Structures are given as C-alpha cells and as structure tokens.
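Structure at a glance
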Amino acid sequence: SQSLHMLAVDFGASSGRAVTGAFNGRTLSVSEVHRFNNEPVRLGNHFHWDFLRLFHELKQGIHASRRIAGGAPVSVAVDTWGVDYGLVDAKGRLAGNPYHYRDLRTEQVMSEVFSAIPEKELFQLTGIRSSSINTIYQLYAEEKVRSGYGADGLKMLMMPDLFHYYLSGVMANEYTIASTSGLLDPRSRTWHSGILNTLSIPESLFSEIVMPGTMLGQLRQDIREELQVPDMAVIAAAGHDTAAAVASVPAGAAPYAFISSGTWSLMGIELDQPALSDYSRDSFFSNEGGAGGNIRLLKNIMGLWLLQECRRTWALEGTPLTYDELTELALSAPENGSYIDAADAVFLPPGGMPQRIREYCRDSGQKVPESRAAIVRCIVESLALQYRQTLDEIEKLAGERMEHIHIVGGGIQNRLLCQLTANVTGRPVIAGPVEATAIGNLMMQALAHGEVKNLAEIRQVVLESFPPETYLPEDAAMWEERYQQYVNLFKRQETV
Ligand code: LFR
C-alpha cells in the first residue's frame, strides 16, 4: 500500500499501549496492537518503576506490530510521563532501577536546593514551578551524582530517551522531555550550566538536546532478530506524553486552552516565548517544551489520579468498581457542595485517598463527603472548578479570551467531567481524540519522515481523521455561584 506505517509506544503512569498508525498523506488510521499495565513497585523504603518489565512490554509491542495489514512499521517512537530518568554507566549498563516521581526522597532536598538558588530565581531561570517530582530535586538527591563517586562516564537519560537508547544504542536528550526536568533554560533550550554548577550536578551527565521529530538511528540487530522484525528507524518524536498529546489537539484558528486528561490533568496554552512573570509563577504554571519547538505553558492538576487512587483503595477494601460504575455513583450522589483544591500537593502520594479527601473537606470547614458516591462527586466537581480557575489565570496571562476548551486523552471517557467542564467554564468543550498521545507520537514520526511540515498540518490531519465531540455549557448561573464559593474557600495556598 501507499501508506506510511509507524509504531508508537506510549507509557502512561498506570498503563501503556503500542499503537500502529497508517498515514495516507491526508488521514491517519490507528490500531492498538498491545496494551499492558504499568505497576510501580515499592522496594524497601523506595518507590520504583519496573524498568525491565516495561522494556519487555515495549518489545512485545514491537513484535505484535509486525503483522499489521500493509506491512511492518518503518519506524518506532516512545513517549512517557515526564520528569523521571535512568542513569547509564560508561559500559551502557543501567546504573540502578529508575525511581518513581512519587518517591518521597526528594522532600528533604528541596529546601537545600532553595538555599543555594532561591525558588523565585529558579522559576525565572527555568520557567518550571518547583514541585517535589521534578528531575532537578531527584538528581540532587542522588548520592552518586553529586559526590562524583562512581559517576565517571555516567549519563542521564529521561525515560523515553532511555528506551530509545536500549532500542537503538543512540544516546540523546530530546527537547520536550528534557524540558520537564527543571534544568533547561527555556530561552536557549539548552541545559542550564549555571544551575548545574551551583548544585554540583556534573554537566557530563547530559547529552546534546535534539528537537522533536529527529531520526535517532535503527533498531539494534539483536533486537530485530529476537523479535523477528525488519529494519525499523528509531525516532525521537515528542518524548513527553503531554507534548505528544498537545500536538494532536484538533484545533482551528480560534484561541483555545487545552486539557490533556489522564492520570494528571495538564491545562494550558501554547506560546512562542516563555511566560516568566511573577503572576505566572504565583499561579503555579510551568513553561515546558512543545512538539513544535515552542512553549507549552501549563498547570499540573491532580486529575484522574484522585479517582484512580480511591478506586484502588476501595478494591483493596473488597469493593472493586469500574470507572463507569464510579460515574454512576457520582450521578446518584446528592448535592454535596464540598470541594477540594485539586492542585494541592497533599494529594500527590499514593494511599488512603478517600480518607485524605474527607479530612481535606473537614479541615476547610466543609461538610464531609462520607459515602463513596459523595467522594466521587466531590472529585469530579472539584476538577471542573479547578479548570475554571486555571482558565481565568490563562486568560489573564494570554490577555485574551479562550473560545473553546479542547480536552484530549483517556479522561474524555468520563463524560460527566466533560459536561461539568463546559458548565463551569461556560465554554464549549471539544473532546477528542481519546488516543491523543499515541496519535501525536505517530504524527511527529510522520513529520520526521517529511510527510507533514508542522503542527498546523498535523492538527488538520487529526481533525479529519478523528472527529471530536462537542459539549455545550448548561446551568451557567448556578455554576458561576458555586465557582465564587470555591474561590473563596481556597484563596491561594501551596500546591503541587
Ligand atoms: C502526564 C505527565 C505530566 C507530568 C507528569 C509527571 O502523564 O507527563 O505532564 O508532569 O506526567 O511526569
């Protein structure tokens, strides 16, 4: 056939998928060939990703892709969540299993970092809000890195780069994923050597930054033989899942805000230049790197993590529920009117989520959501209210009104959340595509192959290939009133 066949492997924090794409020059069609769970492991006092298992799943995905109609893919690209990394020694061996960003070892070091570089200054230098998950604090907490002991020839590869290295043997730091580290200068888009020197993090850990859509190399011969697949190019597409998802927002010309909805909700806009004002910092925005080499100005909101964790707790207690059942519960819940600040860092670690939510409501002087139904309702409404607050902030930063909200990613399956987002923001919500991350990954590969020229062309392809669904605002007056209550409840406080 005439189509270009490609493979995207997308690692999310709770599951991963291998998706093949066929691009015929006008539209893309996708097909999932492998899906797997991503279950991090607590080992001793620490929390890790199961890297070897994940690499195995990646290979399973490549193997499964060889039988698709039209022939095996000509290229593969990996994207993952942000901020995490592996260290590779001079012999190419993985030096320790990568930590999970929800590991608590960074908590003590943040204040040490701030005494070397004040938090405000860090934001001015990097455009990244300080959060305990960021690579900068993780690397600072690594004995080996800062003592220099055993660090000879050590390289730091962010998760997608690490997968690409073990697939191809080529080391590179790709721009979008590197931008989540808190160690990049958002103006020059290079590693910030001033920060590295001040924190005694050796510059030798880092490789040159490559831009999204760069051909890295070929699949290693031993892997090709093991998996019985033909030659395949390995591409640094957009290594950060959120950057890939934003690349596939089917947007037209009108100003819009995006929400990439999954474990996290990432809400923001795209800019040519970083927004480094005090207002941007005080509203907890980050300037990350976009797939077009531009800036993604966005805020991390806890997202469906809140629901995932409640579901996990309830299953442990003997009540396993599907996400649809959870939504049914929320719909059946009586008006509760209790809210949480879904950007608050207290919700970051795993465990005991229903109880933490009850305590949060109690401590902020609200009615305590006792039943499961009341808790689910509280989560979903609180997310929508946080989106509204973030929209207000975005409009102030951009100096213009956003006409629509585009929501992409797995979270759009929660239709209640989509509708509430429209109601609370008073803007039409355009939902889809659900597989935004894999689609963005595939289209950035198409860009590397020279089949499309830029983000605008990619978005046109996505719009034609995956028609989105629109939710119109309802009950505007009621929600405006509730939003005012919400704003008064949570006058700015420390967040993620
Ligand atoms: C979403 C995401 C966010 C990042 C968070 C942690 O999957 O990549 O953008 O802040 O995970 O890495």
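Residues numbered from 1 in each chain as written. Predicted model: local features only at pLDDT ≥ 70, side-chain atom pairs only at ≥ 80, totals over all residues.

**What about unusual backbone geometry?**
Quick reminder of the rule: The helix and strand labels rest on DSSP assignments: H or I over at least four residues marks a helix, E over at least two residues marks a strand, and numbering proceeds from the N terminus. Exposure is read from a count of other C-beta atoms within 10 Å of each residue's own; the residue is exposed at 12 or fewer, buried at 20 or more and partly exposed in between. C-beta atoms are placed from the backbone.
Omega for the bond connecting glycine 432 with proline 433 falls within 30 degrees of zero, at 5°, which places this linkage in the cis form. Among the secondary structure elements, proline 433 is positioned in the loop between strand S20 (429-431) and helix H17 (436-448). Not every positive phi belongs to a glycine, and serine 200 is a case in point at roughly 55°. Summarising the element assignment, serine 200 is placed in the loop between helix H8 (193-198) and strand S12 (209-210). Phi at phenylalanine 284 is positive, roughly 70°, even though this residue is not glycine. Among the secondary structure elements, phenylalanine 284 is positioned in the loop between helix H11 (278-282) and strand S17 (286-289). Residue classification places phenylalanine 284 among the buried residues on the basis of 20 C-beta atoms within 10 Å.

**Looking at the packing of helix H13 (residues 323-332) against helix H15 (residues 372-398)**
The condition is simple: Every angle, taken between N-to-C directions, lies between 0 and 180 degrees, and every axis is a line fitted to C-alpha atoms, over only the stretch in contact when it is a helix. When an angle is under 35 degrees it counts as roughly parallel; over 145 it counts as roughly antiparallel; between 65 and 115 it counts as roughly perpendicular; any other value is oblique. Note that contacts rest on C-beta atoms placed from the backbone: two residues are in contact if these are within 7 Å. Ten residues, namely Ala, Val, Leu, Ile, Met, Phe, Trp, Tyr, Cys and Pro, are considered nonpolar, four, namely Asp, Glu, Lys and Arg, are considered charged, and the remaining ones, Gly among them, are considered polar.
It is at 7 Å that the axes of H13 and H15 come closest, and there the two elements cross at 95°. One finds that H13 runs roughly perpendicular with respect to H15. For the pair H13 and H15, the contacting residues are Leu326, Leu329, Ala330 and Ser332 in the first and Arg372, Ala373, Val376, Arg377 and Val380 in the second. Of the residues contributing to the contact of H13 with H15, the split by class is six nonpolar, one polar and two charged.

**A closer look at the sheet that holds strand S13 (residues 214-218)**
The condition that has to hold: Criterion used throughout: strands pair if DSSP finds at least two bridges between them.
Pairing within the open sheet is mixed, and its six strands lie in the order S3-S2-S1-S6-S14-S13. The two strands at the open ends of the sheet, each matched to only one other strand, are strand S3 (28-37) and S13. Sheet twist, expressed as the average angle between the axes of neighbouring strands with direction ignored, equals 25°. Two strands pair when backbone bridges link them, and strand S2 (residues 15-23) and S3 are joined in this way by nine bridges, in the antiparallel orientation. By the bridge assignment, threonine 20 is partnered in S3 with serine 31. Relative to the sheet, helix H1 (residues 51-65) contacts strand S1 (4-11), S2, S3 and strand S6 (75-80), its axis offset from that of S3 by approximately 140°.

**Observations concerning the site of the ligand**
Quick reminder of the rule: To decide nearness, the C-beta atom of each residue is placed from the backbone, and the residue is near a molecule or strand if that atom lies within 6 Å of it.
The ligand sits among 15 residues. The nearest are Trp81, Gly82, Val83, Thr242 and Trp264. Grouping the amino acids of the shell around the ligand by side-chain chemistry returns seven nonpolar, seven polar and one charged.

**With respect to the UniProt feature "domain: Carbohydrate kinase FGGY C-terminal" (unreviewed entry) in the protein**
As a reminder, the rule being used: UniProt positions are given in the numbering used here, feature names are shortened, and annotations may be inferred rather than shown by experiment.
Mapped onto this structure's residue numbering, the UniProt feature "domain: Carbohydrate kinase FGGY C-terminal" (unreviewed entry) falls at residues 258-448. End-to-end, the C-alpha atoms of residues 258-448 are 24 Å apart, and along that stretch the chain is 47% helix and 16% strand.

**Remarks on the confidence of the model for the protein**
Rules: pLDDT expresses, on a scale from 0 to 100, how confident the predictor is about each individual residue.
The predicted model of the protein averages 95 in pLDDT, with 99% of residues at 70 or higher. For this predicted complex, the interface confidence comes out at an ipTM of 0.97, alongside a pTM of 0.96.

**Concerning the sheet that holds strand S18 (residues 295-301)**
Read from one edge of the open sheet, seven strands run S17-S18-S16-S15-S19-S20-S21, paired in mixed fashion. Edge positions in the sheet fall to S17 and strand S21 (469-471), since each of these pairs with one other strand and no more. Between one strand and the next, the sheet's axes are offset by a mean angle of 30°, whatever the strand orientation. Of the pairings in the sheet, the one linking strand S15 (residues 256-261) to strand S16 (residues 265-271) comprises four bridges and is antiparallel in character. Across the sheet, the residue bridging to isoleucine 259 is methionine 267, located in S16. Taken strand by strand, H15 contacts S15, S16 and S18, and its axis lies near 15° from that of S16.

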